[in-house]
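Summary of structural features
Next come the chains, spelled out residue by residue.
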Amino acid sequence: MACCVAVLIKENLIYLRRSTEELKFLFLIHASIDILDDKVNQLTKPGGDRDTKDFYLGLLYPVEEYKIYGYVSPTRVKFILIFEHSTSSSLKDSDIKLLFQRLHQAYIDCVSNPFYEPNTQLKSKRFEQVVTSLMVQQDSMTSSMTLSTPTVAINTTTT
Amino acid sequence: MAWACIMPEELSIVPRGLVCLANLDTRHQAVHRSIWELLDKERANVPLRYRLVDIDEQYPTSKAKRATYEWYVPKGILKTSWMHKHLHLVPSLVVIFFELDWNDPLFKEKQTELKNNIDLVRTNLDGRGAAISVVLLQNKNSFPTVDDVYSSERDQMANTLCTYFDIPKRSLCVLPVLPQPDNLSAWIDRLEQTFIESSQNYYMNEIRRVKKHKETLNNITHQLLHIRHQFKVGFFSELKQDIPSAVKSYKNAYSYLIDNARIHDTNILEMKIIAGFLNYKICRISFELSQPVEAINHFRRHADIFKSKTGPVDLAFEHKAWLSKQFQTFADLFTRCPLAIQTQHPGFYYQESAYQSMARKQIAQTTCRRIEPTDFDPNEFLKPTEFYGQRPWRQHHQSMEISDAQKEREAIAALRDAESRVNHSELIISLLVQAITHFKKHSSNRMKLYLMYNLAEEYASSKDYDKALNYYNHIVQAYRTEQWWPILEAILPSALKCAYLSANLQDWIRFSLEILNPNIQLSSQIKNQTQTNLENLIIKNLAPQVEPTVSANDDKWKALLNKQPIVIDADTFKGLLECKVYFTHDAVSVDCDITLQVALKNGFPLPIEFDQLLVYFNLKEYDDLANVIDVEKLKFSPNEQRILTFNFTPRGDHVQRTLEITSVSLIYGKINQTHIDFQWRTSLQPNPSFQQGPLTPKWQIKAGHILWENLPIRRKTNVIMRAAEVQLTVEHQLPVLLYESYPIKIHIKNCENVDIQSAVLTCICSNTDENSSTSDDTFLFYATADSNSETTTNICSMTFKTINKDTEIEQDLYIRCNNNRSREIIIRLSYERLNLHCMKEILIPLTVVNPFSIQFQTMGMMMEPLASLRAQEPFILMIDTKCISTIPITIVSTNLKPSQFIISECAIESQINNTQLKQDEVVTEGFCLRTQPIATPIVQNLLVGEYSLYWKRSSHPDIPKLCTTFSLSDFNVEQQQVYVEVSIPNNVPLQEPFQINYRIHNRSNIVHEYKINLEQINLIVAVCGSTMTSLLVPPHSSSDVNYTLVATLCGFVQLPKFKISMIRPPTQEIDESIDRTLPTHIFVVPSLKNS
């Protein structure tokens, strides 16, 4: 599934998990900021009739090997998921949006911790668990997965 | 490696039908030349390509077409010569130009000559289906006029000629252009139309011919022919300008190749190359038809399908080369399309092309090596082939097995040899540069950085270190600004190596410092080595040590080590070395010391010893006062922070100047040798805007140790005057009343231990309201006698000659405010003491209010309110004065000055002299007045007069009174027709007769007759004599009616009711309101008994 998960505030990386220690992921995430910023600016232009609750920004970069998807929270926290080109062909936009929403929820839970200092690295076991579930999940599961069942996902990963 | 990258020029030429022009002598004949030039010139959308040929031109011979493909095994898909042949050699039409007039005397001879020419061309065409056209160039005078266009005679001759030449009639054209052409381009346009028709006809036949083969083909042995034929149909369709059919045929060929063709190691190159050709054609046409999405989708599919078809492992580089070329050609095509967007533009394809080339380079470097020329001749394996994509050493080979394994091995070695000679870096760099251009154009600067990193690596690998350094510098700076440390960790070691190899001292030091930044999580071994190298270089003048894998560059480095200051902008090296400056006080009195603290924090991984610390100020006089040259004070262990404190006195002439730190400079290394100069400038500023701090405060970790984040920054301090040792107080009672001379008592007490000489007291009004630019609404003065003098302004000052020690003096200040704005008064006492300027200042805010309000109203003589005055009739003017401020006021006197329209009935005297009013108290006075006659029936806005109030603040009886004047205006006056004036005693004794007199005024221009009746209501007041009478009154005069009455009861009793009505003129009525002006009651007192 996802081979890289990243969370950014402005252009600062506050969370990163890669399936392999490849430098390429870092460059790609960094390069995605351009597109994310641009897309967010376009969406929030005055006069836009879009629901500003959250932004699933879809495919960002059509790089050969990977597909990079972006999502922005109402407070402009950026979430990036990278999939390998070969595994992601069966993924639908709605599935990816669900993945992002789970990630977003996990992020909210994590920053709600009073001991978390804003804008610093995310260090949370629960968040790690959710990310792990995103990275190992099988295609078939994603379509049936909903926001209300994150515990199921955690169980599958821990067993 | 030419085979895989081949993209023949013929493929990229836009196909246009070929027309050969024979017998045109462009060199000697002007007319021929202009015909050729018109046809040959660059025009948009011309479907034909023209070529000049000799009449005996040899055209490529046509092979015998086989009737059936049974038993036929094709040797390959597409011959390398085929496209060129049909673009440039095989004509669709041959046009023979010939000068022949219908009435030429040598008609027969020329006709025969022409016939010979035609036959020659026909022979040379040798079975090719090209049409032959004849164009007769004729004298324009012999050309038929409009009347005989269809001259049957000429028609006949033309028919005969066509039959003789054996060409269809359509192919014979006449061009009347000799000796000098008129309007040649119009003729040429018409001529070209017939060419197009013939040419397209030819290609249609060709397409038909190729298509006819299809039924005879099978899917097993004739796979290649299926593809070849579809390609040919597509190409002919393009020549025919039938673009939709062309795309369809190319797509058919492509899908046949993908779905049906057997692809194996021996023919994979041929298949890929043909697929690449077809893809190129399809994409190019899609872009030209403005269907970029179509093109992109097709290319994506193409790339996805073939990416995995690597082919023989030994020739993997060939596959990468082919892929790279595919991406590059697609990007080239895309570049021509204007519809690119940020997420879909040619840059991505150049990028991928570059990556494929990098992969190719890597494979080539690991697997390919040169071969000894003695082994065998590699050129044998690299010569051109008959078919695209085939191997020179086994052309036409269609079997899946390799027959000669030895030959195959030699061939692969030869190909690898050729590959090893390719300059991959050059290729990769040009692709990356193109990609960068596109990413820049589509505002993707961060992606650009990624590509620049690739570019820098590539330059470094091709040993072009200076260029690589250029890029490294840029990207390191960019990633540092965005604080992407993980990327920097990866980049910096190679950047440092690059700087070493190019012997660039400045960059080497810079990258070393970057590596030493605590944010960079490299291994401590690397970091320690880096710092040691740096120390060796700066302190001991030794060239840096490098890993054994890097070729040493010591000689160049030795040359570098002379005196050279390296200036480092320390603001950007956050974390490695930090500096904070802090003036302990915001403002320093000129007789005190300035205290400056400079805090330094060291992030070097090993202990470090700096040489000098220099602090620079905006005032150069202080530059040397805060320097450290004591090395002991500048020794830092890792993560140590230290605060250095400096004290110095400000200079007397810098009072009211700001002292500001411009830069701090920390020097590493001896100043007269190569040293590093860390300079802080911008980071010395306190954080400009709101900084998002953590919600939880960060506590001191251990006693005496202050967290770096909590250290304050203040880089400016103001030098101010010595504070004056005096007490300055004021006594006054707010609010200020508008226009009054507001008294303030200033108390000055000398607290110095000596007498104060020549102290200056200055009072200034500063407007709190910024918008108001008028400063003349406030007047300040020390004595009330000055209040009306011209010299008073909003500033006043005076000098006290001596203020004795420990004494207190008083001074009055008066302020007059001319409007209601609030304002501030600055009271400042200044004097010289010990040659220093001393000053004390207080600020008094003032609010200004109105002291009182005035209301006035008019009443008739019976005290009834009047809406409007009546001309020539008396009225009463009542004036109410109300105190509205909290300050009691005294009304000294008042004065009413009637205007010219008003007569006063009696002497006007003020009735409220010396009245004191507190808040909300009202004082009223009334005046009886009469209006003058008026010219018109109604006069509006009559000015009654001016009312002046003389008043003062009750608490200060000695300040002069103030006069406030109101204008009494806005009265309406009406002229009444009739006015009854009544004379009646104020009171009458009981049972004694008294007189009552009614004088009736006629104010109109005509005679009036009235009926008058004094109606008896009760017997309390009895009327003597007749009560009813009539009365004649001339215009503008009056008549009297007298009654004698007797009262029979004491008290305030009702009078008989006086009634008046009009007899003449009968049309007029008397206004009923007249009743209200008449007295209705009289006061009856008991009679004096004893009189």
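Residues numbered from 1 in each chain as written. Chains lettered and ligands numbered in written order. Predicted model: local features only at pLDDT ≥ 70, side-chain atom pairs only at ≥ 80, totals over all residues. Heavy atoms only, no water.

Considering the overall build of chain B
Helix and strand counts for chain B stand at 20 helices and 48 strands. Relative to its full complement of 1091 residues, chain B shows a buried share of 49%. Long-range pairs, those at least 24 residues apart, make up 74% of the contacts in chain B between residues at least 6 apart in sequence. A total of about 53300 Å² of accessible surface is found on chain B, and carbon and sulfur atoms cover 50% of it. (Helix = DSSP H or I, 4+ residues; strand = E, 2+ residues; numbered from the N terminus. Buried < 20%, exposed > 50% of the residue type's maximum accessible area, 1.4 Å probe, protein only. Contact = heavy atoms within 4.5 Å. Areas by Shrake-Rupley, 256 points an atom, 1.4 Å probe, with all protein chains shown as cover.)

Some points on the interface of chain A and chain B
Facing 25 residues of chain A, the contacting portion of chain B comprises 29 residues. Three residues stand out in chain A for area buried against chain B, namely Phe27(A), His30(A) and Glu64(A), and they jointly supply 32% of the buried area on that side. Seen at the junction of chain A and chain B, the total is one salt bridge. A salt bridge links Arg446(B) to Asp34(A); the shortest N-O distance between them is 3.0 Å. The interface formed by chain A and chain B includes five residue pairs in polar contact (both at pLDDT 80 or more). Contributions of two or more residues to the side of chain A that touches chain B are made by β2 (12-18), α1 (23-43) and β3 (55-61) of chain A. Here the side of chain A that touches chain B takes 14 residues from α1(A), the largest share from any one element. (Buried area = accessible area lost by both parts, 1.4 Å probe. Salt bridge = Lys/Arg side-chain N within 4 Å of Asp/Glu carboxyl O. Polar contact = N/O pair within 3.5 Å; in protein donor to acceptor, adjacent residues only side chain to side chain.)

A few points about the side chain of Asp677(B)
Residues and elements named next belong to chain B. With respect to the element layout, aspartate 677 can be found in strand β15 (residues 675-680). Despite its burial, aspartate 677 pairs with no opposite charge; the closest candidate is arginine 681, at 7.3 Å N-O. In terms of polar contacts, aspartate 677 uses its side chain to reach the side chain of serine 665, at 2.6 Å. Apart from residues no more than four positions distant in its own chain, aspartate 677 is found in contact with Ile566, Val567, Ile568, Ser665, Leu666 and Ile667. (Lys, Arg positive; Asp, Glu negative; His and termini not counted.)

A word on helix α13 (residues 405-420) of chain B
Residues and elements named next belong to chain B. Here α13 contains 16 residues, and its C-alpha end-to-end distance of 22 Å stays within 8% of the 22 Å for a straight helix at 1.5 Å per residue. For α13, the complete set of buried residues consists of Glu408, Ala411, Ile412, Ala414, Leu415, Arg416, Asp417 and Glu419. Looking at the buried residues of α13, the elements they touch are α11 (316-335), α12 (346-367) and α14 (424-441). (Expected span 1.5 Å × (residues − 1).)

Brief notes about the pattern of salt bridges
Residues and elements named next belong to chain B. Following the criterion strictly, the structure yields 35 salt bridges over all chains and no others. Between aspartate 653 and arginine 651 there is a salt bridge, with its nearest N and O atoms 3.6 Å apart. Take aspartate 653: its relative accessible area is 53%, and that puts it in the exposed class. For arginine 651, a relative accessible area of 39% corresponds to the partly exposed category. Residue glutamate 810 is joined to lysine 745 by a salt bridge in which the shortest nitrogen-to-oxygen separation is 3.7 Å. One end of the pair, glutamate 810, is in strand β24 (residues 808-817); the other, lysine 745, is in strand β20 (residues 741-750), with 65 residues separating them in the sequence. Relative accessible area serves as the criterion here: at 48%, glutamate 810 is assigned to the partly exposed category. Take lysine 745: its relative accessible area is 26%, and that puts it in the partly exposed class.

Overview of helix α19 (residues 524-540) of chain B
An α-helix turns once every 3.6 residues. As a result, residues three or four positions apart point the same way. Residues and elements named next belong to chain B. Given a rise of 1.5 Å per residue, 17 residues ought to cover 24 Å, and the 22 Å separating the end C-alpha atoms of α19 matches this to within 8%. Those residues of α19 that sit buried are Lys527, Thr530, Gln531, Asn533, Leu534, Asn536, Leu537 and Ile538. Once α19 ends, the next one or two residues include asparagine 541, with phi positive near 60°.

Side note on the side chain of Gln326(B)
Structurally, Gln326(B) is set in helix α11. Ignoring sequence-local partners within four residues, the contact set of Gln326(B) consists of Met7(B), Gly276(B), Asn279(B), Phe299(B) and His302(B).

Brief notes about the sheet that holds strand β47 (residues 1057-1064) of chain B
All names here are of chain B. Pairing within the open sheet is antiparallel, and its three strands lie in the order β44-β42-β47. The outermost strands of the open sheet, each flanked by one partner alone, are β44 (1028-1033) and β47. Across the sheet, the mean angle separating the axes of adjacent strands is 25° when strand polarity is ignored. (Pairing = 2+ DSSP bridges. Axes fitted to C-alpha atoms, helices over the stretch in contact; angles between N-to-C directions.)

Some points on the packing of helix α2 (residues 30-40) of chain B against helix α6 (residues 184-212) of chain B
Residue and element names in this part refer to chain B. Here α2 crosses α6 at 60°, and the two axes come no closer than 10 Å. The orientation of α2 with respect to α6, classified from their angle, is oblique. Between α2 and α6 lies a crossing of right-handed hand. Residues Ser34, Ile35, Leu38 and Leu39 of α2 pack against Leu184, Ser185, Ile188 and Glu192 of α6. (Parallel < 35°, antiparallel > 145°, perpendicular 65-115°, else oblique. Left-handed = near helix turned anticlockwise from the far one by under 90°.)

Some details on the nonpolar core
All names here are of chain B. Within the largest apolar cluster, 200 residues are counted, with the highest numbers of intra-cluster contacts made by Ile509, Leu596 and Phe678. Examining the composition of this core, we find that 12 residues originate from one element, helix α9 (residues 268-288), more than from any other. Those residues in contact with phenylalanine 678 that sit more than four places away from it in its chain are Leu513, Ile568, Ala570, Leu577, Phe604, Phe610, Val664, Ser665, Leu666 and Tyr668. (Core = buried A, V, L, I, M, F, W, Y, C linked by side-chain atoms within 4.5 Å.)

Quick look at the confidence of the model for chain A
Residue and element names in this part refer to chain A. Across chain A, the average pLDDT comes to 77, with 78% of residues at 70 or higher. Strand β5 (residues 77-84) holds the highest mean pLDDT among the elements of chain A, 90, whereas helix α5 (residues 150-158) holds the lowest, 37. Counted against residues more than four places away or in other chains, residues 138-159, with its pLDDT under 50, gives 27 contacts. (pLDDT = per-residue confidence, 0-100.)

Considering the sheet that holds strand β32 (residues 902-904) of chain B
Strand pairing in a sheet relies on backbone hydrogen bonds, with the paired strands running either antiparallel or parallel. All names here are of chain B. The sheet built from four strands is open, its strands ordered β28-β30-β34-β32 with antiparallel pairing. One side of each edge strand has no neighbouring strand; the edge strands of this open sheet are β28 (852-859) and β32. Taken pair by pair, the neighbouring strands of this sheet meet at an average axis angle of 35°, ignoring direction. In the sheet, β28 pairs with strand β30 (residues 874-883) via eight bridges, with the strands oriented antiparallel. Of the residues in β30, the one forming a bridge with threonine 858 is leucine 877.

Thoughts on the packing of helix α10 (residues 292-307) of chain B against α11(B)
Residue and element names in this part refer to chain B. Across the interface, α10 lies against α11 with an axial gap of 11 Å and an inter-helix angle of 175°. Considering the angle they form, α10 stands roughly antiparallel to α11. Side by side, α10 and α11 meet where Ala295, Ile296, Phe299, His302, Ala303, Phe306 and Lys307 of the first sit next to His319, Trp322, Leu323, Gln326, Phe327, Phe330 and Phe334 of the second.

A word on a negative patch on the surface
Taken together, Glu974(B), Glu1069(B), Asp1071(B), Glu1072(B) and Asp1075(B) make up a surface patch of like negative charges. Tracing the sequence through the fold places Asp1075(B) in the loop between β47 and β48 (1081-1085). (Patch = residues over 30% accessible without salt bridge, like charges linked within 9 Å, V, L, I, M, F, W, Y side chains within 5 Å. Charge placed at Lys NZ, Arg CZ, Asp CG, Glu CD.)

Focus on the environment of Ser502(B)
All names here are of chain B. On the secondary structure map, serine 502 appears in the loop between α17 (485-501) and α18 (505-516). Classification of serine 502 as buried rests on a relative accessible area of 14%. For the pair serine 502 and lysine 467, spaced 35 residues apart in the sequence, the C-alpha separation amounts to 9.8 Å.

Some remarks on the pairing of strand β3 (residues 93-99) of chain B
Residue and element names in this part refer to chain B. Counting buried positions along β3 gives six out of seven residues, so the element sits mostly inside the fold. Relative to strand β4 (residues 131-139), β3 is paired through seven bridges, and the arrangement is parallel. Bridging from a neighbouring strand, isoleucine 96 pairs with valine 134 of β4. Each parallel crossover has a hand, and for β3 linked through helix α4 (residues 107-125) to β4 it is right-handed. (Right-handed = clockwise from strand over helix to strand, strands pointing away.)

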